[in-house]
Amino acid sequence: MLNLSKSLEAFNEAKTLMPGGVNSPVRSYRSVDCNPPFIARAEGDKIYDIDGNEYIDYVGSWGPMVVGHAHPQVVKALQEAATRGTSYGAPTVIESELAKLVQSVYPSMEMLRMVNSGTESTMSALRLARGYTGREKILKFIGCYHGHSDSLLVSAGSGMATFGVPSSPGVTKGTAADTITIPYNDEEAFKEIMDKCGDEIAAVIVEPVAGNMGCIPPKQGYLRLLRKLTEEHGTLLIFDEVMCGFRASLGGAQAAYGIVPDLTCLGKIIGGGLPVAAYGGKREIMSKVSPSGPVYQAGTLSGNPLAMTAGLETLKIITAEPEAGEPDYSRKLTLKTKKLLLGWQEKAREAGVSIQAHQAGSMFGIFFSEKEVYDYADAEAADQEAFKVWFKAMLEQGIYLAPSQFETLFMSGAHSEEDIDRTIEAAGRAFAAVAAL
Ligand code: HOZ
């Protein structure tokens, strides 16, 4: 039995200081009825708690730790950068370096603006879309989560889905009324709403690979339909690639599915674990952002030199040319993810447990469901009791997974074949525990 006594003590103290004892809800482990390990340090694919337990980590800080924790190249560059000062609130060359590197992989981002979080990037992209089109309505998909700005906290995934409160109190009726929601992956619903009021919609915002209702890739042709109808109605198409950027493929979902959105939001990963995000897109649209244009958005810590350094070093590692005959970084992650999921599927079959396993590059997840899972309703109908048992059995065996079936798991370059094999063996025992339910 895992000893989490120091973590429990730390959690009890934290609960007196922060709502639910945490600074972001899902990590409280409330939805899996246990106490969270408090983390002391992380290295490579391992994370260690203050009780001294070691785990193989498939959360990776919810995505950004693509090269593993405390990668020596990133740490060295950060140490050097820190000696030059941690924030200037003034332009630096490294901001352009990171912008150029992002742009080389995401050519649709003809201009971009660095911000500090995914929430900031989607919120700013929406304001820009409204300012550019002169329209007020936006359309989002049920179960997609785009951060916690008011317009987007309607029928949202992630923590909102985890705790079963799809829309937050505090969001005004007026704001909610400007946010239209329809199911993800439903072509007919999309055609119908665009027919009815497409000309009033400033932007359609989508996680092109949903990551906040569990991992749910788009059906074939679905993103193409979004692109076609938004174009016909003069509505901007915003790809929120905060989770699937550099994950669904190196060039994200837009490269994997061959779609050019008007605006893209990236986050987490482009800061290599420090607080960075960006929004960007067509030059004509981005030129409306202050001080080039009238749409205001600002931030003292935006483009912060430490965060830019971590992002730049991380992206250099994953975009480096592979050795001759070797697959590139992103492909290697995809192959490791495939191996892990095939192993889980086999173990689930052996245990007689029905699962749906989903993968998009190096993001992945499973649902305890006999039925295929295409949208939030399907995800919600999956067996969440089974998920809890599975989650706890994996944690007991030193496998650190997201504590909610409405989140996504991530592979990193630091995961060894041996650790993946260990994870598959642990899964066999965890599925047996689910079967015994
Ligand atoms: N729920 C967020 C990821 N989709 C972040 C959770 C956290 O950092 O606790």
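Note that the structure is predicted; figures quoted are calculated from it, not measured.

A. Expanded view of the layout of surface pockets. What the second largest pocket holds in volume is close to 590 Å³. Lining the second largest pocket are 28 residues, with Glu95, Ala99, Leu112, Arg113 and Met114 sitting closest to its centre. Taken together, the elements giving at least two residues each to the lining of the second largest pocket come down to helix 3 (93-105) and strand 4 (111-115). Ranked by residue count, the leading element in the lining of the second largest pocket is helix 3, at five residues. Classifying every residue of the lining of the second largest pocket by side-chain character gives 11 nonpolar, 13 polar and four charged.

B. Here's a closer look at the pairing of strand 10 (residues 277-281). Most of strand 10 is tucked away, with five of its five residues classed as buried. Because side chains alternate across strand 10, one face comprises the buried residues Ala277, Tyr279 and Gly281, and the other comprises Ala278 and Gly280, equally buried. Of the strand pairs in this sheet, strand 4 and strand 10 are connected by five bridges, and their pairing is antiparallel. Paired with leucine 112 across the strands is glycine 280, a residue of strand 10. Strand direction decides the pairing type here: strand 9 (residues 263-267) and strand 10, joined by five bridges, are antiparallel.

C. Up close: the packing of helix 3 against helix 11 (residues 305-319). Axis separation between helix 3 and helix 11 bottoms out at 9 Å; the angle between their running directions is 35°. Between helix 3 and helix 11 lies a crossing whose hand is left-handed. Here Ile94, Glu95, Glu97, Leu98, Leu101, Val102 and Val105 of helix 3 come into contact with helix 11, specifically with Pro305, Met308, Thr309, Gly311, Leu312, Leu315, Lys316 and Thr319. Residue composition of the contact of helix 3 with helix 11, by class: nine nonpolar, three polar and three charged.

D. Just the site of the ligand, in detail. The ligand sits among Ser24, Val26, Arg27, Trp62, Ser158, Asn212, Lys268 and Glu407. Within the side chain of serine 24, one N or O atom sits 3.3 Å away from an oxygen atom of the ligand. Interatomic distance of 2.8 Å between a side-chain N/O atom of arginine 27 and an oxygen atom of the ligand. Here the ligand, which alone exposes 290 Å², has 88% of that area covered by the protein. Here the shell around the ligand is composed, by residue class, of two nonpolar, three polar and three charged.

E. Structural detail: the packing of helix 7 (residues 187-197) against helix 8 (residues 222-233). With their axes 11 Å apart at the nearest point, helix 7 and helix 8 run at an angle of 5° to one another. As judged from the angle between their axes, helix 7 and helix 8 are roughly parallel. For the pair helix 7 and helix 8, contact is made by Glu187, Phe190, Lys191 and Met194 and by Tyr222, Leu225, Leu226, Leu229, Thr230 and His233, respectively. Looking at the contact of helix 7 with helix 8 residue by residue, the class counts come to six nonpolar, two polar and two charged.

F. Representation of the side chain of arginine 247. As for its placement among the helices and strands, arginine 247 is situated in the loop between strand 8 (236-240) and helix 9 (252-257). Discounting residues that sit within four places of it in the chain, arginine 247 has contacts with Gly63, Met65, Val66, Ile269, Leu333, Ala360, Gly361, Ser362, Met363, Phe410 and Met411.

G. Region of the structure containing the sheet that holds strand 4. Ordered in space as 4-10-9-8-7-5-6, the seven strands form an open sheet in which the pairing is mixed. The open sheet has two edge strands with one neighbour each: strand 4 and strand 6 (179-183). Across the sheet, the mean angle separating the axes of adjacent strands is 20° when strand polarity is ignored. Note that strand 5 (residues 137-142) and strand 6 share five bridges and pair parallel. Bridge pairing links phenylalanine 141 to isoleucine 182 in strand 6.

H. How the structure looks around empty space enclosed by the protein. A full pass over the atoms with the stated rule returns three cavities of 30 Å³ or more. Quantified by volume, the largest cavity comes out at close to 90 Å³. Lining the largest cavity we find Trp344, Gly365, Ile366, Phe387, Trp390, Leu401, Ala402, Ser404, Gln405, Glu407 and Leu409. Looking at the lining of the largest cavity, the elements with two or more residues in it are strand 12 (363-367) and helix 14 (384-396). Residue composition of the lining of the largest cavity, grouped by class: seven nonpolar, three polar and one charged. Considering only enclosed or pocket space, the second largest cavity measures out at about 50 Å³ in volume. In this structure, the second largest cavity is lined by Gly44, Asp45, Asp57, Gly60, Met65, Gly68, His69, Arg247, Phe410, Met411, Ser412 and His415. Partitioning the lining of the second largest cavity into residue classes produces three nonpolar, six polar and three charged.

I. Spatial organisation of the pattern of salt bridges. Under the counting rule described, the total for this entry stands at 19 salt bridges. We note a salt bridge from arginine 227 to glutamate 231, for which the minimum N-O separation is 3.6 Å. Here the residue arginine 227 and the residue glutamate 231 both occupy positions in helix 8, the gap between them amounting to four residues, near one helical turn. Assessed through its relative accessible area of 9%, arginine 227 is described here as buried. The closest approach of N and O atoms between lysine 347 and glutamate 425, which form a salt bridge, is 3.7 Å. Pair noted here: lysine 347 is in helix 12 (residues 329-351) and glutamate 425 is in helix 15 (residues 417-435), with a separation of 78 residues, a long-range link. Residue classification places lysine 347 among the buried residues on the basis of a relative accessible area of 17%. Its relative accessible area of 41% is what places glutamate 425 among the partly exposed residues. Members of the salt-bridge network, linked through shared partners, are Asp45, Lys46, Asp419 and Arg422.

J. The arrangement of the pairing of strand 11 (residues 356-360) in detail. The side-chain alternation of strand 11 yields one buried face, formed by Gln356, His358 and Ala360, and one unburied face, formed by Ala357 and Gln359. Relative to strand 12, strand 11 runs antiparallel, the two being bridged by five bridges. Following the sheet pairing, glutamine 356 is matched in strand 12 by phenylalanine 367. With antiparallel pairing between neighbouring strands as the criterion, strand 11 and strand 12 make up a hairpin whose turn holds two residues, including glycine 361 at a positive phi of roughly 65°.

Definitions and cut-offs
Residues numbered from 1 in each chain as written. Predicted model: local features only at pLDDT ≥ 70, side-chain atom pairs only at ≥ 80, totals over all residues. Heavy atoms only, no water. 1 Å grid on protein atoms, 1.4 Å probe; cavity = no way out; pocket = protein on both sides within 12 Å on 5 of 7 lines; lining within 4 Å. Points joined across faces, edges and corners; volume = space filled by probe spheres on them. Helix = DSSP H or I, 4+ residues; strand = E, 2+ residues; numbered from the N terminus. Nonpolar A, V, L, I, M, F, W, Y, C, P; charged D, E, K, R; others polar. Buried < 20%, exposed > 50% of the residue type's maximum accessible area, 1.4 Å probe, protein only. Pairing = 2+ DSSP bridges. Axes fitted to C-alpha atoms, helices over the stretch in contact; angles between N-to-C directions. Left-handed = near helix turned anticlockwise from the far one by under 90°. Contact = heavy atoms within 4.5 Å. Near = heavy atom within 4 Å. Polar contact = N/O pair within 3.5 Å; in protein donor to acceptor, adjacent residues only side chain to side chain. Areas by Shrake-Rupley, 256 points an atom, 1.4 Å probe, with all protein chains shown as cover. Parallel < 35°, antiparallel > 145°, perpendicular 65-115°, else oblique. Salt bridge = Lys/Arg side-chain N within 4 Å of Asp/Glu carboxyl O.

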